[in-house]
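# Observations on the three-dimensional arrangement
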Amino acid sequence: MIIDLISDTVTRPTKGMLDAMMNAQVGDDVFKSDPTINLLQKKAAEMFGMEDALFFPSGTMANQTAIKLHTQPGDKLFCDKWAHVYQYEGGGAAFNSGVTCKLIDGDRGMFTAEQLQVAAAGRSDIHVPYSRLVCIENTTNKGGGACWDFEELKKIKKVCVENNLDYHLDGARLFNALVAKNESPAQYGKLFDTISICLSKGLGAPIGSILLGSKEHIEKALRIRKLFGGAMRQAGFLAAAAIYALDHHVDRLAEDHKKAKQIETVLNTLSYVKKVEPVETNIIIFYVRDEMNPDTFISKMSEKNILLTPMGDGKIRIVTHLDFNDDMLEILLRELKLFHF
Ligand SMILES: *Cc1c(COP(=O)(O)O)cnc(C)c1O
């Protein structure tokens, strides 16, 4: 048995999800005639109280489309220095949209309204790029699944309005934040101009993300998705998995969070662990003692069929998910306790 804790993207569709996929009604979505895609988009838009939604093959494409629709080449966006849109999208903001990223030095992937205010202030003559967009990420990936304080997000919105900036949420793991903080999709829908969510992370669908926004934004997004090569045909089979995920896999995220907490508790008792970042959702980031090479630790664990991932700067990441069950948790905790170097 392999215990794969590399990401919450490693899950396989459940039996119920596969049944839903096999029974999906489909059509050609490029002609907007796939009923299951249409249903998913309507359902997601209603959930968030936003005007419209569009299905994407990946979260990266949804984010890149959002950046493209809010900006013109030469513009500037603001994001945290650890943001996925800057770190892990292949330089797409520059490649696809010709924008520069002004990085904010936040804490665990999160900055304050005051920091944004400072970053957005200053000259606005012909020498400096137009400031156009703010991107935030909830939960933060590189920040260890940390959740933003909603009050801070509201203050950031105020700075956006004052500075004429659009406001995009990379919500690849937004549902983890909603469950952890007992928040609602509608409250986020009200605050942001556009939101991307992933169905293929904690929600356990094999493929798919959704971009939410106004009618006007989604109309633009449709054109950009085509331009990026992401228009699909009978994708209703995938939308059926996404609908199933939204209906059945949201509340259960609390189980992933509970397991992550148990892992955090054990890690904190181990002498070879230097530090564990506070665990809020399904991501655990920890550091082993300086004398120990994190890669050696990871390879020793893989000999026990436990797969973990290095995150750079000595960080090791564990992600809990739908396919990580109680028996696996027990084995993991036992192996962590037995390990010594
Ligand atoms: C996974 C992820 C994405 C999208 O990734 P894809 O692999 O392209 O679906 C975007 N933002 C964050 C924070 C992520 O963790």
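Residues numbered from 1 in each chain as written. Predicted model: local features only at pLDDT ≥ 70, side-chain atom pairs only at ≥ 80, totals over all residues. Heavy atoms only, no water.

## Section: the packing of helix 1 (residues 15-22) against helix 11 (residues 236-248)
- At their nearest, the axes of helix 1 and helix 11 sit 8 Å apart, and the two run at 140° to each other. The angle between the axes of helix 1 and helix 11 places the two elements in the oblique class. Helix-helix and strand crossings are classified by hand; for helix 1 and helix 11 the assignment is right-handed. Across the interface between the two elements, G16, M17, A20 and M21 of helix 1 pack against F237, L238, A240, A241, Y244 and A245 of helix 11.
- Of the residues that constitute the contact of helix 1 with helix 11, the class distribution is nine nonpolar, one polar and no charged. (Axes fitted to C-alpha atoms, helices over the stretch in contact; angles between N-to-C directions. Helix = DSSP H or I, 4+ residues; strand = E, 2+ residues; numbered from the N terminus. Parallel < 35°, antiparallel > 145°, perpendicular 65-115°, else oblique. Left-handed = near helix turned anticlockwise from the far one by under 90°. Contact = heavy atoms within 4.5 Å. Nonpolar A, V, L, I, M, F, W, Y, C, P; charged D, E, K, R; others polar.)

## Side note on the site of the ligand
- Near the ligand lie 13 residues; those nearest to it are G59, T60, D170, R173 and K201.
- Between the ligand and the protein, one listed contact pairs an oxygen atom with a side-chain N or O atom of N141 at 3.2 Å.
- One of the side-chain nitrogen or oxygen atoms of D170 is found 2.6 Å away from a nitrogen atom of the ligand.
- Protein coverage of the free-state accessible area of the ligand, which is 380 Å², stands at 84%.
- Here the shell around the ligand gets three residues from one element, more than from any other, and that element is helix 3 (residues 59-70).
- For the shell around the ligand, the per-class residue count stands at two nonpolar, six polar and five charged. (Near = heavy atom within 4 Å. Polar contact = N/O pair within 3.5 Å; in protein donor to acceptor, adjacent residues only side chain to side chain. Areas by Shrake-Rupley, 256 points an atom, 1.4 Å probe, with all protein chains shown as cover.)

## Brief notes about the domain arrangement of the chain
- Along its sequence, the chain is organised into domain 1 (3-8 + 252-338) and domain 2 (13-248).
- Distance between the C-alpha centres of domain 1 and domain 2: 28 Å.
- Counting residues at the interface gives 17 residues for domain 1, matched by 25 residues for domain 2.
- Roughly 1,600 Å² is buried in total at the junction of domain 1 and domain 2, and carbon and sulfur atoms are behind 51% of that figure.
- Considering only the side of domain 1, the residues that lose the most area to domain 2 are D8, L253 and E280, jointly responsible for 34% of the buried surface there.
- The interface formed by domain 1 and domain 2 holds seven residue pairs in polar contact (both at pLDDT 80 or more) in total.
- Here the side of domain 1 that touches domain 2 takes three residues from helix 12 (residues 253-267), the largest share from any one element.
- Taken together, the residues of the side of domain 1 that touches domain 2 break down into seven nonpolar, four polar and six charged. (Domains from an automatic or database assignment. Buried area = accessible area lost by both parts, 1.4 Å probe.)

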